[in-house]
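Coordinates in review
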Amino acid sequence: MDISFQLYSARNFPPLDDVLGRLATLGYKQVEGFGGLYADAAGLAASLRKHGLSMPTGHFGLAQLRDTSAALKIAETLGIRTLYCPAIPKEDRSQDESKWVELAETLAKLGETFRKAGFGFGWHNHDFEFVPTAGGRLPMDIILETASNNDWEMDAAWVVKGNQDPLAWIKKHGSRINAVHVKDIAPAGQAVDEDGWADVGHGTMDWQALATAIKTQTNTRYYVMEHDNPSDVDRFASRSLASVKAWK
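Model, not experiment: these values are computed from the prediction.

**Notes on the nonpolar core**
One finds F5, L78, L83, W207 and M225 to be the most contacted residues of the largest nonpolar core, which totals 76 residues. Here this core takes 7 residues from helix α5 (residues 97–116), the largest share from any one element.

Below you can see the structure in the form of C-alpha cells.
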C-alpha cells in the first residue's frame, strides 16, 4: 500500500506549491486531488513534477463527472488513474429511496464510461450515506448494490460518524475497497477548533485493527491522509505519516 495525502486538507494553507514541497520533504510520494484544484491542471501537473509527486487518484464532483471529456482530460493531464465521486450537495440528500437509486444508476453509467476509457471509478463516502431512507435502506447499500462494478474509497472515520462499524463494512464489501481515507476523530469535546478531527493516531479510531482488516480483506492500494480542518497542516501531515508508518 502507498501513502497519499488528500490536498483538501491543505486548502486553507496556500500557496499549494509550497505545501507540495513540504509534503515531498516529509516523504510523501503521492497526493490526491479534488475538484477545486483542476482549473489549471497543467500548472498543477508541473508543480507535482517539480516536487517529485504523483496524483494517482482524484475527487471529482458529480457535475464535473457528467462532462466526461473534460474530466478525462484533467485526469490525463494530472496522471490520475482512478476518479472518485466524493459527495452530492446537501440539498440532494433525501430520504426518498428512488433518488438514491437514480444517483446509483448515474454512477453506474459513469463508471462504465470511465472504465472503457481505461480509468478506475468509484464512490467516496461521508456519513450521510448511512442515514436510512424512508423505506429503511441505507443509501450506501443502494450505491454499492446498484453500481456493482464501481470501486469504493472508504472514509473509515465518516463511517464511524455515520454510527456504523467500519470493520463490518470491510468484511461485507472489502473486495470493492481499493483506497481508504485515513483520518481520526478527536475525543468528545476536544479539537473544537478543528471540527472535532484529530491527527491520525492521536484520536479515538482503532487504526491498528482497521489496518489489519484493510490489509487482509480489501484491495486497497492507497492510504490517503485527510483532516477536514487542521489548524496546522504541517503538524497533521508529519504526525499522521509517523503513525501510519508505525503500523503500516
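**Structural notes on the sheet that holds strand β5 (residues 120–124)**
Spatially, the 8 strands line up as an open sheet ordered β1-β10-β7-β6-β5-β4-β3-β2, and their pairing is parallel. Strand pairing shows two members of the sheet lacking a second neighbour, β1 (2–5) and β2 (30–33), which therefore form its edges. Each strand axis lies, on average, 25 degrees off the axis of its neighbour in the sheet, ignoring direction. Pairing of β1 with strand β10 (residues 222–225) involves 4 bridges; the strand directions are parallel. Paired with F5 across the bridge in β10 is M225. Most of the contacts of α5 go to β5, to which it runs at about 150 degrees, and overall it touches β4 (82–85) and β5.

**Considering the pattern of salt bridges**
Under the criterion given, the structure shown has 12 salt bridges. Its salt-bridge partner being R221, residue D2 comes within 3.3 Å of it at the nearest N-O pair. Of the two residues, D2 is situated in strand β1 and R221 in the loop between α9 (207–217) and β10; the sequence distance between them amounts to 219 residues. For D141, the salt bridge goes to K172, with nearest N and O atoms at 3.2 Å. Here the residue D141 occupies a position in helix α6 (residues 139–146), and K172 occupies one in helix α8 (residues 166–173), the gap between them amounting to 31 residues. Residue D141 is classed as buried on the basis of its relative accessible area, which comes to 13%. Beyond isolated ion pairs, a larger network of salt bridges with shared partners links D155, K183, E226 and D228.

**Comments concerning the packing of aromatic side chains**
Summed over all chains, the structure comprises 11 aromatic pairs. Look at W158 and W197: their rings are 5.0 Å apart centre to centre, the planes differ by 75 degrees, and that puts the pair in the edge-to-face class. Residue W158 is found in helix α7 (residues 156–161), and its partner W197 is found in strand β9 (residues 197–198); the two are separated by 39 residues along the sequence. Here W158 matches W197 in class, with each residue buried. Ring plane angle 5 degrees and centroid distance 5.8 Å describe the contact between W207 and W247, whose orientation is recorded as stacked. Of this pair, W207 sits in helix α9 while W247 sits in helix α10 (residues 233–247), and the two are 40 residues apart along the sequence. The residue whose ring lies beneath R93 is F128, and the NZ or CZ to ring-centre distance is 3.8 Å. Taking the ring centre of W197 as reference, the NZ or CZ of K183 above it sits at 4.4 Å.

**With respect to the side chain of T220**
Positionally, T220 belongs in the loop between α9 and β10. Here T220 falls in the buried class, since its relative accessible area comes to 8%. At 2.7 Å, the side chain of T220 and the side chain of T218 are in polar contact. Residues within four places of T220 in sequence aside, it is in contact with M1, I177, N178, A179, V180 and I214.

Parameters at a glance
Residues numbered from 1 in each chain as written. Predicted model: local features only at pLDDT ≥ 70, side-chain atom pairs only at ≥ 80, totals over all residues. Heavy atoms only, no water. Core = buried A, V, L, I, M, F, W, Y, C linked by side-chain atoms within 4.5 Å. Buried < 20%, exposed > 50% of the residue type's maximum accessible area, 1.4 Å probe, protein only. Helix = DSSP H or I, 4+ residues; strand = E, 2+ residues; numbered from the N terminus. Pairing = 2+ DSSP bridges. Axes fitted to C-alpha atoms, helices over the stretch in contact; angles between N-to-C directions. Contact = heavy atoms within 4.5 Å. Salt bridge = Lys/Arg side-chain N within 4 Å of Asp/Glu carboxyl O. Phe/Tyr/Trp six-rings, centres within 6.5 Å; stacked < 30°, edge-to-face > 60°. Lys NZ or Arg CZ within 6 Å of the ring centre and 35° of its normal. Polar contact = N/O pair within 3.5 Å; in protein donor to acceptor, adjacent residues only side chain to side chain.

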